[in-house]
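Structure assessment
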Amino acid sequence: MAWCCLSQIYYQREKQSSDPAAPRPGPCSQAPGESPQLGRVQGLCPTADQLWPHPQRTARADTGVGSWQAMWNNITSCSLWRLSPRFMASRIQTLTPLFIRNYKDFCKNRQTIWTLRNSLCQVMKKTVLTLKCNTISHRFLSNKARYRQYTKTFPVLDGSIPSVCEHVFEENLRNSEACIQRYSELLCKVSKGGGENAILRHTQRNKKLLVRERLRMLLDDEPFLELSPFAGFDLPYGDVPAAGCLTGIGKIRGVWCVFMANDATVKGGTIYPISVKKQLRAQQIAVQNRLLSVYLVDSGGAFLPLQAELFPDQSHGGRVFYNEAIMSAMKIPQVAVVCGSCTAGGAYVPTMAEETVIVDKIGSMFLAGPPLVKAATGEDISPEDLGGASMHSKVSGCVDHFASSEKEAYECVRNIILTLNYELPPEETLEYDDPLYSAEELLGLAPRGYSYTLHIKPILSRLIDGSRFQEFKAEYGTTLVTGFAHMEGHLVGIVANNGELTHDASLKGSHFVQLCSQRSIPILFLQNTAPHAPEPTSLSQAEDHTNRLKAQASMMAAVACAAVPKITLVIGGCYGNESYAMCGRSFDPNFLFLWPNARVALVDSRHISTFPQARDDDCTGDDSELMHLKEKLEEESSAFHSSARLWDDGIILPQNSRKVIAQCLTIMKQQKYQIVSLQHNPVIRL
């Protein structure tokens, strides 16, 4: 093959030497009649004219060296088209003796050999330079370039709303506006924390910053994702705004981090059962997505009247400390700031963190405060002497950094982040197309109830880039829509309810979820499950019902075992066993959000009268009991009831869904760039 290549190129060069006007094909040119698959792309290799002038136009044409140089250039540029220096060196070593052996006429003396070597160096430099400019840009395209080139080939969805459905759209819109009004009222209440009196006591008497001011000083100047802001409302033991702590995900020095910040204006930072649950969920998100965790601790310890609900069980308060050790062993960094009183269990959080900062005068740590010391021993002691910043930084060694002010403490944390040796790629702003339809119209597409559900594709067309969707199995199992799309430049697989989860739809969903798992593509579930499946009334219907259950079980197994990030957005109903197949809370999605109109329950209260009733001899219930049950189900199935109990990661407005989902995709992507080595033990302090 080398003989043929050399002979053919030599013949072309000699022909061009005799005819300067003849066309001069470069080494990457495609011969007439050659298959496009066989020829290399033009521009990847330098041509002879780019590296050497024509032999007849050189001063050394009479020696034949110019012709030899041009021929050597063709040989090397054709054979050295790969970029790897090791590969190029091996090819040069192979070709040099071959060339000398087969073209002895050109290699008669040492002068010619030296010319060969010098020319080889020039070819090497210019070929590598050209390949770096061309080959890399073609073979290793950036996300931005790849997105521009390929994603606009996906078909465009028709997101128009049929005129016959306008009355449904208007009814949904009125319901959404009412839900958003309640959402805004609760959000305003959350922002006030423990109330005006508690805020004054916190800021003026204790000279401490409010929790949101602390976050502004700690995080980069970018929007952060707050998790479960409505947790703790309308609970049996009263309202605990935001569960007494703020959790979320934000950037510190460009690194996505999970933060857990106690709000001492809410009952002095006392820990309630819902507070423990919220912190455990934040830690779970940190583990799933391998996110650095930052604790801003300002806690008075457990609320003793409810100790039976937050101390003894596996998922109670002690689990927070267990998770800290496990996360450290997983090489997930944890940093704590003692910015208030940390009593009892609250003192273990900073003590078990890998690095801790304490604020002078306001930060303290002890298992029992001065009042308990006085009661037990009769000794009077100040908080500073018992467990203040100076004592723990100079004597006990429980903290690593002493800060004279809160501002200095948060700047210290930001500097600690820089020592984590994170190798993150430079941020690249992806170019993407906005949806072709307005996101505000999602308010009219958010179903008031299952009977007010419109087709899912108008919703998709208002969420995905350019309203472009590559549908999978479009004609099969049409009550489940599956396919690929982009969210602000991120490729994502979409599984969306479009009716009951039938046998065919379940098999289709199982197939698609496995495809996404195999291709490492994150999955977005848009959940709006049917309230209940009709009861079989014949043998054939019973058989169909059994087949449906088996297919749904197959989809559940595929979803549970899919080793890719998963995001679930409940846009309507979250009912019964179908919600499991659509990656409900018990199937561990990385994030789960609700629209304000969403309903979460085993059954829909509006369909409970259609269930078969028990006989009189089996039950003595009457209509009043049935009415009471319906009212209870109606109240407990609302999105706000769900979010207050942390059955989700928060309620988001329909028009903000695209932004939140894209932010979650970006957050989950960070762990790809972390190099994790095996470590069996956590960082053990002291």
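Since the model is a prediction, treat every value here as computed from it, not as a measurement.

Another aspect to go through is the overall build of the protein. Across its full length, the protein carries 24 helices and 16 strands. Counting across all 686 residues of the protein, residues that qualify as buried make up 49%. Looking at the protein as shown, the accessible area adds up to about 33400 Å², and 55% of this sits on carbon and sulfur atoms.

What follows deals with the pairing of strand 3 (residues 255-262). Burial runs high along strand 3: eight of the eight residues are buried. Burial of strand 3 is two-sided: the residues Val255, Cys257, Phe259 and Ala261 facing one way and the residues Trp256, Val258, Met260 and Asn262 facing the other way are all buried. In the sheet, strand 2 (residues 245-252) pairs with strand 3 via eight bridges, with the strands oriented antiparallel. In the strand pairing of strand 3, Gly248 is matched with Phe259. As consecutive antiparallel partners, strand 2 and strand 3 are separated by two residues, and within that stretch Arg253 has a phi angle of approximately 55°, a positive value. Read as a crossover between parallel neighbours, the route from strand 3 over helix 10 (residues 273-289) to strand 4 (residues 292-299) is right-handed.

Let us now look at the sheet that holds strand 13 (residues 566-570). Reading across from one edge, 9-10-11-12-13-15 is the order of the six strands in this open sheet, with mixed pairing throughout. With partners counted over all chains shown, the strands left at the sheet margins are strand 9 (470-472) and strand 15 (591-594), one partner each. With direction set aside, neighbouring strand axes in the sheet form an average angle of 20°. Bridging between strand 9 and strand 10 (residues 480-487) involves three bridges; their strand directions are antiparallel. Along strand 10, the bridge assignment pairs Gln470 with Phe484.

Low pLDDT marks stretches whose predicted atomic positions should not be read closely. For the protein, the average pLDDT comes to 81, and 73% of its residues sit at 70 or higher. Every residue in residues 1-15 is under pLDDT 50, and counting partners more than four places away or in other chains gives 23 contacts. pLDDT under 50 marks residues 128-140. Its contacts with residues more than four places away, or in other chains, come to 23 contacts.

The next thing to look at is helix 9 (residues 211-218). Every α-helix carries 3.6 residues per turn, so stepping three or four residues along brings you back to the same face. Within helix 9, the full set of buried residues consists of Val211, Arg214, Leu215 and Leu218. Seen end-on, helix 9 carries its buried residues on one side only, within an arc spanning 100°. Structurally, helix 9 contributes buried residues whose contacts are with helix 8 (196-205), strand 2, strand 3, strand 4, strand 5 (334-343) and helix 16 (406-417).

Another point: the environment of Gly340. Looking at the secondary structure, you find Gly340 in strand 5. Note on Gly340: relative accessible area 0%, which makes it buried. Remark: the alpha-carbon pair of Gly340 and Gly388, spanning 48 residues in sequence, is separated by 10.0 Å. Beyond its immediate stretch of four places on either side in the chain, Gly340 contacts Lys208, Val297, Asp298, Ile362, Gly363 and Ser364.

Cut-off values and rules
Residues numbered from 1 in each chain as written. Predicted model: local features only at pLDDT ≥ 70, side-chain atom pairs only at ≥ 80, totals over all residues. Heavy atoms only, no water. Helix = DSSP H or I, 4+ residues; strand = E, 2+ residues; numbered from the N terminus. Buried < 20%, exposed > 50% of the residue type's maximum accessible area, 1.4 Å probe, protein only. Areas by Shrake-Rupley, 256 points an atom, 1.4 Å probe, with all protein chains shown as cover. Pairing = 2+ DSSP bridges. Right-handed = clockwise from strand over helix to strand, strands pointing away. Axes fitted to C-alpha atoms, helices over the stretch in contact; angles between N-to-C directions. pLDDT = per-residue confidence, 0-100. Contact = heavy atoms within 4.5 Å. Arc of directions from axis to C-beta.

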